[in-house]
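Read off the chains here:
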Amino acid sequence: MGDRHIRDIVIIGGGTAGWMAAAALAKVLGRGASIRLVESEAIGTVGVGEATVPHLKLFNKVLEIDEIEFLKQVQGTFKLGIEFVDWRRPGDRYVHGFGTIGHDYGMLPFHQFWIKAFNAGNATDIGAYSLNTAAAPLGKFMASATDVPPASPLANIAYAYHFDAGLYARFLRGYAEARGVRRTEGKVVNTLLRDVDGSIEAVVLDSGERIDGDLFIDCSGFRGLLIEQVLHTGYDDWTHWLPCDRAMAVPCENVGPPTPYTRSTARASGWQWRIPLQHRTGNGYVYSSRYISDDEVAAVLLKNLDGHAMADPRVLKFTTGRRKKFWNKNCVAIGLASGFLEPLESTSIFLIQSGITRLLNLFPDKGFSPVVIDRYNAQATFEIERIRDFLILHYHATERNDTPFWNYCRTMDIPAPLEDTIGLFEDSGRFFRNAEEMFAITSWVQVMLGQHIQPRNYHPLVDRMPDKQLNEFVGGVKNVIATCVDAMPMHAAFIARHCAATAPQTP
Ligand SMILES: Cc1cc2nc3c(=O)[nH]c(=O)nc-3n(C[C@H](O)[C@H](O)[C@H](O)COP(=O)(O)OP(=O)(O)OC[C@H]3O[C@@H](n4cnc5c(N)ncnc54)[C@H](O)[C@@H]3O)c2cc1C
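Residues numbered from 1 in each chain as written. Predicted model: local features only at pLDDT ≥ 70, side-chain atom pairs only at ≥ 80, totals over all residues. Heavy atoms only, no water.

**Q** So what exactly am I meant to see when it comes to the overall build of the chain here?
**A** Helix and strand content of the chain: 14 helices and 21 strands. Rg of the C-alpha trace for the chain: 23 Å, near the compact-globule value of 23 Å for 507 residues, within the 12% margin. Considering only contacts in the chain between residues 6 or more positions apart, those separated by 24 or more positions represent 76%. When the accessible surface of the chain is summed, it comes to about 21000 Å², and 52% of that surface belongs to carbon and sulfur atoms. The average position of the 51 basic charges and that of the 56 acidic charges among the side chains of the chain differ by 2 Å. (Helix = DSSP H or I, 4+ residues; strand = E, 2+ residues; numbered from the N terminus. Rg over C-alpha atoms; globule rule 2.2 N^0.38 Å. Contact = heavy atoms within 4.5 Å. Areas by Shrake-Rupley, 256 points an atom, 1.4 Å probe, with all protein chains shown as cover. Lys, Arg positive; Asp, Glu negative; His and termini not counted. Charge placed at Lys NZ, Arg CZ, Asp CG, Glu CD.)

Here is the structure:
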């Protein structure tokens with residue numbers, strides 16, 4: 001029996017993906033397997049990826065990472081959602097907040113009642129009915145309260161983090177090494193395949209060292225060292241739906257307290273991010289090189305920083321899409337090696353987490369059963385394609401007609417499942433979360449409304465509630481949210497009190 005078990009796991013790459021995988025595998029597998037990680041300082045990491053989604057809290061929980069200690073180490077701040085500025089049209093803004101909107105009644109989600117009240121002029125913008133969306137622009141934040149009734153919006157606050165990518169990798173490295181992961185500095189220069197089935201037998205480093213493994217995890221970044229360069233898995237290119245193919249990133253000095261949200265501002269040929277950390281603010285312009293030059297991007301980016309730039313702007317090139325297989329033979333690609341969706345909804349680190357979880361759920365033995373591999377690939381494909389569609393929604397459902405870039409996005413063909421989703425929502429505000437898709441109904445609803453997809457009607461069952469009761473219900477939710485937001489402390493004060501970093505430095 002013992003012979004079946006995977007004993008030697010080799011991870012190629014020490015970016016966020018490599019160290020997240022190493023940390024999680026070490027925690028879950030314990031000393032039952034040998035885990036080695038190879039990384040090359042000469043090649044370096046992508047060095048961006050600083051905004052997350054609430055799922056990361058679960059990752060930290062599984063790893064038993066203390067939240068406060070973690071935030072101190074990574075110069076972290078809290079994130080209640082994303083503010084989208086100028087996306088629907090210049091001058092417009094909305095927040096995609098995490099968490100709930102109002103509360104459901106019977107079998108209907110809150111927004112169904114809100115549609116009726118709003119169309120009758122008896123409700124305000126949907127943002128006033130969600131704690132996160134109302135609190136974020138006011139700079140308020142707190143963790144869930146334990147001394148309030150369980151039904152209070154303050155009892156269950158959904159949030160994510162912003163953090164310094166370099167410090168995060170360093171933090172996870174310490175965690176993984178303490179649990180037995182062996183790190184080797186070096187560059188993989190050769191790969192040996194097994195004659196019998198073409199699977200990977202070993203990698204060879206520039207030092208001449210040979211590292212054998214049963215399972216290889218390719219976390220080598222965009223190059224996909226094993227999954228593509230060795231196994232020639234192939235890539236589906238989605239640039240025709242998500243036309244941005246570059247980003248220019250630059251950190252700047254903080255001006256004012258950190259906001260508890262990421263900001264995404266639509267620009268002439270893409271959009272600009274703003275991610276507040278304790279010791280600096282991360283910025284970047286994600287753009288399509290078909291419509292704008294690097295020089296033009298640099299000028300706009302540098303003009304729109306809060307404080308002084310702390311480095312020269314850096315260009316990153318990418319091709320949006322995914323590997324045709326995430327798991328091929330005895331190699332699983334995780335992180336940028338597996339594919340890339342631009343950072344509009346901060347989903348890449350989530351996809352790393354999800355890939356690791358899926359690998360653990362479908363952990364193989366040395367037989368590498370094809371049904372296990374097929375299931376992994378099917379789930380991962382479904383997941384990334386639904387996120388892809390959510391991103392396309394932001395670009396496509398716009399009224400912007402001021403540049404060739406936006407004209408392209410507004411008029412392009414979109415995937416059929418997304419067309420169905422939009423059509424059903426336009427008809428009667430209905431949305432159904434498919435199986436294991438990442439984003440919940442509240443995310444889709446906020447972005448569809450924010451991009452001005454206004455439902456023509458609401459669910460017929462809403463009319464079973466008398467109008468007076470409906471208006472009181474909807475108005476009552478708004479009052480409760482306002483009262484709760486009032487009671488929340490400022491984000492900056494919360495950080496200063498609980499999780500201010502002591503050593504403000506990036507590796
Ligand atoms: C512009 C931009 C913005 C982003 N923003 C966000 C965000 O806000 N939120 C989010 O969730 N994600 C974001 N991402 C994605 C996020 O940065 C990545 O998912 C994350 O950093 C993981 O990267 P990685 O570890 O897969 O690759 P990398 O960081 O590129 O690491 C690759 C590793 O492989 C090693 N390596 C490569 N070749 C070899 C070799 N031959 N031998 C040995 N080692 C080798 C390198 O040394 C390195 O350690 C963003 C990405 C981009 C491009």
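**Q** Is there a simple way to explain the pairing of strand 9 (residues 200-205) in this structure?
**A** A regular strand places its side chains so that they alternate between the two faces of the sheet. For strand 9, the tally of buried residues reaches five of six residues, placing the bulk of the element in the interior. Hairpin connection, strand 8 (residues 188-193) to strand 9: the antiparallel pair is bridged by six residues, and Gly198 has positive phi, about 75°. Adjacent in sequence and paired antiparallel, strand 9 and strand 10 (residues 210-212) are bridged by four residues, among which Gly208 carries a positive phi angle near 100°. (Buried < 20%, exposed > 50% of the residue type's maximum accessible area, 1.4 Å probe, protein only. Pairing = 2+ DSSP bridges.)

**Q** What should I look at first to understand helix 8 (residues 348-361) in this one?
**A** Residue pairs spaced three or four apart in an α-helix point in one direction, given the helix's 3.6 residues per turn. Between its first and last C-alpha, helix 8 extends 20 Å over 14 residues, near the 20 Å set by a 1.5 Å rise per residue. Burial analysis of helix 8 places 10 of its 14 residues in the buried class, the great majority of the element. Looking at the packing, one finds that the buried side of helix 8 touches helix 1 (16-29), helix 2 (56-62), strand 11 (215-218), strand 19 (327-328), strand 20 (331-333) and helix 9 (370-396). (Expected span 1.5 Å × (residues − 1).)

**Q** It is not clear to me how the pattern of salt bridges should be interpreted in this structure. Could you clarify?
**A** Between side chains of opposite charge, a pair can form as their charged atoms come close. For the structure shown, the criterion picks out 29 salt bridges. Residue Arg173 pairs with Glu177 through a salt bridge whose shortest N-O separation is 3.4 Å. One end of the pair, Arg173, and the other, Glu177, are both in helix 6 (residues 165-178), four residues apart, so they sit about a helical turn from each other. What emerges from the salt-bridge pattern is a single network uniting Glu39, Glu41, Arg183 and Glu185. (Salt bridge = Lys/Arg side-chain N within 4 Å of Asp/Glu carboxyl O.)

**Q** Would you mind showing me how to read the state of the cysteines here?
**A** Linking two cysteines covalently via their sulfur atoms produces the bond known as a disulfide. A full pass over the atoms with the stated rule returns zero disulfides. There is no disulfide at Cys219, and the cysteine sulfur nearest it, in Cys331, is 9.2 Å away. (Disulfide = S-S within 2.5 Å.)

**Q** Mind showing me how you'd approach the sheet that holds strand 7 (residues 182-185) here?
**A** Taken in spatial order, the six strands make up an open sheet running 7-2-1-11-20-19, and their pairing is mixed. Each end of this open sheet is capped by a strand with a single partner; those strands are strand 7 and strand 19.

**Q** Is there a simple way to explain the environment of Val28 in this structure?
**A** In this fold, Val28 is placed in helix 1. Expressed as a C-alpha distance, the spacing of Val28 and Val62, which sit 34 residues apart in the sequence, is 8.7 Å.

**Q** I would appreciate a short explanation of the side chain of Thr133 in the present structure.
**A** Inspection of the secondary structure assignment puts Thr133 in helix 5 (residues 131-135). Note on Thr133: relative accessible area 7%, which makes it buried. Among the polar contacts made by the side chain of Thr133, one reaches the side chain of Ser130 at a distance of 2.9 Å. A polar atom in the side chain of Thr133 sits 3.1 Å from the side chain of Gln446. Excluding anything up to four places from it in sequence, Thr133 contacts Val95, Gly97, Gly127 and Gln446. (Polar contact = N/O pair within 3.5 Å; in protein donor to acceptor, adjacent residues only side chain to side chain.)

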